[in-house]
Amino acid sequence: GRYLWGAGLAALMAAMQLHSNHVQMTYYSLVLVVALAVAFLVTAVREKRLSRWCKATAILIVAAVLAVAANLPNLYMTARYTPETIRGGHSELSQPAGDNATAGGLDKDYITAWSYGIDETLTLLVPNAKGGATLRPEGGGNKFLTLDEVKGADKALAEVTGDAQMRSALRGQLLNQLPQYFGDQPMTNGPVYVGAIIVALFLLGCIVVEGPIKWALLLSTIVSVLLAWGHNAMWLTDFLIDHMPMYNKFRSPSSALIIAEVAMPALALLGLRELISRPGRRVPLGGNKPRVGAVALATTGLTALVCLVIAVWPGVVGLWNSGDTDRQLLEMARETPEVAAAVEGVRASMVSADAWRSFFFLVVALVPMSLTVMGKLRGRYTVAALAVLTVCDLYSVCHRYVNEDSFVPASSQRQQFAMRPVDEQILADTASHYRVMDYQHFAEAMPSYYHKTVGGYHAAKLKRYNDLIEHQIAKGNMEVLNMLNAKYFILDDNTVQLNPDAYGNAWMVDSVAVVSGANAEMAALDSIDARHVAVTDTAFAALAAAARVATAGDTVRLTSYAPDRLTYRAHSAAGGVAVFSEVFFPWGWTATIDGKPADIARVNYVLRAMALPAGDHTVVMEFKPAEVKVTTNIATTAIIAIFLLLLAALNQSVWQSRRAWSVKS
């Protein structure tokens, strides 16, 4: 009923979450929000307080609108940008028919690559049920975690063979090449672990908590797990991809477990509240009516029993996966049985050790819970004891994957971008703007620390440029690399090669060939002489009429460069078509010739082109979407409104406190 505080805090916190710029997490948050809203609706109907629910819901909708408005520049521009990327739909190139495609989104294989395994869900209770992590941030980079480093490796190998030389060979030639993680995902930085005690209390909450809130939290947890399974539950994933707005824009289904990581502790706390406040209350459960205290001990004991079974028989979790690495290991085991036995033994030791660990925490947790049931320990001390145990449990697991070695000074972090000999050689060229083709690190961000590169990494690449990578750059088409102004080729960290044929930042062409459709445009790049001919789609056919045979003195020179503003000085005897070695983008960019508006056309599938008149001219291209100013003004207004709400709530609280004090006096 404290509507001002509710509106202000909801708007502020939602705005902060959206500002963190992980829309997928906000999307998952809404699953829990909707579930709880429905639960509160059911409660309101039962208690005949529907008008209050409607009022509160309307206020929270306004808060949500303010939160979105406060982030409108980023959200709106991202929404506009998305259709041009690999996340916004398929390439305009004809694609082979198949079930992998989605309408206006990522391929299903890409969406579901990071799917949690069904048996991997046991990590909620036993963190190392699938080996933990592949990589750990360390020393400014990532440390590859191998089976050779597992504490129980020596003991596991001793059970495989008594031959010390064989053990040394298995460790040095096999285990130090294999990751500790052996789940369904390609790799991971750690498991999703909510805590053994939290799992036990969550089960308690599922039984003893009453009302719609329990069902909202329980169903949210179930939905979370099903979403996380991804390709392991394609019946659901297919449906959501086809029917849920935006779902086909997101990858990594395992991220959906964030819902469970909120819902499970919430229901666990509600269960704990029942235990400490009403341990003797009878709970309807089948034909029996056990007391809350008895149920608490039973759920904790049952959870401990599951851990005990896994600890004694770790193979029940599945020590092999369907990946290529495990298939190769099992093939090798036909000739050398020790290979499979060694891998299985070390994996089993990891699983067993963590299962014993979870078992220990649950057994210790039974002590304060039992004392509470017997009336010998006050509830506040039970809560404190379980809180300390849970913090120790979660901290020690988190410390495996993020610890003091993960944090380094900025100066140390820069060492991972230490200048290579090839970087020094290329940076000595300050005469012009150019691009670099790094063959060894093409798909990585690292080369861009020093250079404008042809490659790089982005999870939402422009789909047209991605097409060029897949169909031309990947096969080494030199004409395409020349038109991208790739002046230097990095062959390895010590070898750089000058490309004297790079076409520069812009040039005049003799003619423009018009083709119909993206496939024809891409095919033309297979044999094009991009220095003299440009190819364009029928949508820009008017450009062809402006083409003239270039003369030796025709030049287009880049005079100033910024990511959002490019200035050129052009000279041509008879005018014609200039091609600019900049990626074409369909909106936001404007061009002027001597201050007068001019059109930008698309040529060579990804580049920009313009018709230039004869003579000397200044060409300016600017990225200046009008929507930026409008959305920024809206965001500023929304942010002011949010803080005015909070100030109004604070003022109301102060006024009410003074009034209460005055009445009391």
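As a reminder, the structure under discussion sits directly above these lines.
> What exactly am I supposed to notice about the packing of aromatic side chains here?
Two measures describe an aromatic ring pair: the distance that separates the ring centres and the angle between the ring planes. Evaluation of the coordinates by the stated rule reveals 15 aromatic pairs. Between Tyr449 and Tyr450, the aromatic rings sit 4.9 Å apart at their centres with planes inclined by 85 degrees, giving edge-to-face as the arrangement. Looking at Tyr450, the relative accessible area reads 25%, which means it is partly exposed. Members of the aromatic cluster, joined through ring pairs, are Tyr81, Phe585, Trp587, Trp589 and Phe623. Lying over the aromatic face of Tyr561, Lys452 brings its terminal NZ or CZ to 4.6 Å of the ring centre. The ring of Tyr605 has Arg464 sitting right over it, with the charged end atom 4.1 Å from the ring centre.

> Help me out: how do you make sense of the pairing of strand β15 (residues 607-612) in this one?
Strand residues, when the strand is regular, have side chains that alternate between the two faces of the sheet. In terms of residue burial, β15 counts as a mostly covered element, since 5 of its 6 residues are buried. Of the pairings in the sheet, the one linking strand β11 (residues 576-583) to β15 comprises 6 bridges and is antiparallel in character. Residue pairing across strands places Gly576 opposite Leu612, the latter belonging to β15. When strand β14 (residues 601-603) meets β15, the two strands line up antiparallel, connected through 3 bridges.

> Explain the pattern of salt bridges here, please?
A side chain with one charge can pair with a side chain of the opposite charge if their charged atoms come near. In this structure the tally under the stated criterion is 24 salt bridges. Glu149 is the partner of Lys143 in a salt bridge, and the nearest nitrogen-oxygen pair spans 3.2 Å. Classification of Glu149 by relative accessible area gives partly exposed; the value is 38%. Through salt bridges with shared partners, a single network forms among Glu210, Glu274, Arg278 and Arg281.

> Sorry, what's going on with the nonpolar core here?
Judged by nonpolar contacts, the single largest core of 73 residues is most densely connected at Leu201 and Leu227. Those elements that provide at least two residues to this core are α2 (23-46), α8 (196-208), α9 (212-229), α10 (234-243), α11 (257-277), α12 (292-312), α14 (337-373) and α15 (379-401). With 10 residues, α8 is the largest single contributor of residues to this core. Those residues in contact with Leu201 that lie beyond four places of it in its chain are Leu267, Ala268, Leu272, Met369 and Leu386. Among the nonpolar cores identified, the runner-up in size contains 58 residues, and Val512, Val515, Leu607 and Ala609 belong to it.

> So what exactly am I meant to see when it comes to the packing of helix α4 (residues 72-81) against helix α21 (residues 626-664) here?
Packed helices, taken two at a time, are described by their axes: the angle between them and the distance between them. Following both chains from N to C, one finds α4 and α21 inclined at 145 degrees, their axes separated by 8 Å at the closest point. Contacts between α4 and α21 pair Leu72, Pro73, Tyr76, Met77 and Arg80 from the former with Glu627, Val628, Thr631, Thr632, Ile634 and Ala635 from the latter. Taken together, the residues of the contact of α4 with α21 break down into 7 nonpolar, 2 polar and 2 charged.

> What am I meant to see in the sheet that holds strand β6 (residues 506-509) here?
As a general point, the strands of a sheet are linked pairwise by backbone hydrogen bonds and lie either parallel or antiparallel. Taking strand neighbours across the sheet as the criterion, the 4 strands line up as β6-β11-β15-β14 in an open arrangement whose pairing is antiparallel. If you trace the sheet from one side to the other, it starts and ends with β6 and β14, each paired once. Looking at each pair of strands side by side, their axes are set apart by 40 degrees on average, direction ignored. In this structure, β6 lies alongside β11, joined through 4 bridges in antiparallel fashion. In the strand pairing of β11, Trp507 is matched with Val579.

> How should I be thinking about the environment of Lys487 in this particular structure?
Relative to the helices and strands, Lys487 is located in strand β4 (residues 486-492). On a C-alpha basis, the gap between Lys487 and Asn499 in space is 4.8 Å, while along the polypeptide they are 12 residues apart. Excluding its chain neighbours within four sequence positions, the residues that come into contact with Lys487 are Asp429, Ser432, Tyr434, Arg435, Gln497, Leu498, Asn499 and Ala502.

> Would you explain unusual backbone geometry in this entry?
The phi torsion of most residues other than glycine is negative, and most of the peptide bonds are trans. The phi dihedral of Lys48 is positive, around 55 degrees, even though this residue is not glycine. Mapped onto the fold, Lys48 is located in the loop between α2 and α3 (50-70). One non-glycine residue, Asp594, adopts positive backbone phi at about 55 degrees. Counting through the fold element by element, Asp594 comes out in the loop between β12 (589-593) and β13 (596-598). Here Asp594 falls in the partly exposed class, since its relative accessible area comes to 41%.

> Any chance you could explain the sheet that holds β13 here in plain terms?
Spatially, 5 strands are ordered β9-β10-β16-β12-β13 in an open sheet, and the strand pairing comes out antiparallel. Here the strands that pair on one side only, and so sit at the sheet edges, are β9 (555-562) and β13. Each neighbouring strand pair of the sheet contributes to a mean axis angle of 25 degrees, computed without reference to strand direction. As paired elements, β9 and strand β10 (residues 565-572) share 7 bridges and run antiparallel to each other. The residue bridging Arg557 from the neighbouring strand is Arg569, located in β10.

> Just to check I follow, could you spell out the environment of Phe360 for this structure?
The topology assignment puts Phe360 in helix α14. Taking the C-alpha atoms as reference points, Phe360 and Gly140, separated by 220 residues in sequence, lie 35 Å from one another.

> I'm lost on a nonpolar patch on the surface in this one. Help?
Judged by side-chain polarity, Leu302, Leu305, Val306, Val309, Val312, Trp313, Val316 and Trp356 come together as a nonpolar surface patch covering roughly 740 Å² of accessible area. Locating Val306 in the fold gives a position in helix α12. A relative accessible area of 36% places Val306 in the partly exposed class.

> Looking at this structure, how should I read the packing of α12 against α14?
Where α12 meets α14, the axes come as close as 8 Å, and the angle between the chain directions of the two elements is 165 degrees. If you check the angle between α12 and α14, you find them roughly antiparallel. Note on packing geometry: the crossing formed by α12 with α14 is left-handed. Note on element contacts: α14 touches α12 through Val351, Ser352, Ala355, Trp356, Ser358, Phe359, Leu362, Leu366, Met369, Ser370 and Val373, opposite Gly293, Ala296, Leu297, Thr300, Gly301, Thr303, Ala304, Cys307, Leu308, Ile310, Ala311 and Val312.

> Help me understand the side chain of Ser352, please; the structure alone is not making it clear to me.
Position of Ser352 among the secondary structure elements: in helix α14. If near-sequence neighbours (up to four positions away) are discounted, Ser352 is found in contact with Ile310, Ala311 and Pro314.

> How do you make sense of α9 when you look at a structure like this?
Counting along an α-helix, one turn takes 3.6 residues, and residues three or four places apart therefore face a common direction. Over its 18 residues, α9 runs 26 Å from end to end, which matches the ideal 26 Å to within 8%, given 1.5 Å per residue. Of all the 18 residues making up α9, 13 are buried; the element is thus mostly covered by neighbouring parts of the structure. Immediately beyond the C-terminal end of α9, within one or two residues, lies Gly230, with a positive phi of roughly 55 degrees.

> Sorry, what's going on with the environment of Gly6 here?
Tracing the backbone shows Gly6 in helix α1 (residues 3-19). On the basis of relative accessible area, Gly6 is assigned to the partly exposed category, the value being 32%. A sequence separation of 640 residues divides Gly6 from Leu646, and the C-alpha atoms of the two residues are 9.2 Å apart.

Cut-offs used in this document
- Residues numbered from 1 in each chain as written.
- Predicted model: local features only at pLDDT ≥ 70, side-chain atom pairs only at ≥ 80, totals over all residues.
- Heavy atoms only, no water.
- Phe/Tyr/Trp six-rings, centres within 6.5 Å; stacked < 30°, edge-to-face > 60°.
- Buried < 20%, exposed > 50% of the residue type's maximum accessible area, 1.4 Å probe, protein only.
- Lys NZ or Arg CZ within 6 Å of the ring centre and 35° of its normal.
- Helix = DSSP H or I, 4+ residues; strand = E, 2+ residues; numbered from the N terminus.
- Pairing = 2+ DSSP bridges.
- Salt bridge = Lys/Arg side-chain N within 4 Å of Asp/Glu carboxyl O.
- Core = buried A, V, L, I, M, F, W, Y, C linked by side-chain atoms within 4.5 Å.
- Contact = heavy atoms within 4.5 Å.
- Axes fitted to C-alpha atoms, helices over the stretch in contact; angles between N-to-C directions.
- Nonpolar A, V, L, I, M, F, W, Y, C, P; charged D, E, K, R; others polar.
- Patch = residues over 30% accessible without salt bridge, like charges linked within 9 Å, V, L, I, M, F, W, Y side chains within 5 Å.
- Areas by Shrake-Rupley, 256 points an atom, 1.4 Å probe, with all protein chains shown as cover.
- Parallel < 35°, antiparallel > 145°, perpendicular 65-115°, else oblique.
- Left-handed = near helix turned anticlockwise from the far one by under 90°.
- Expected span 1.5 Å × (residues − 1).

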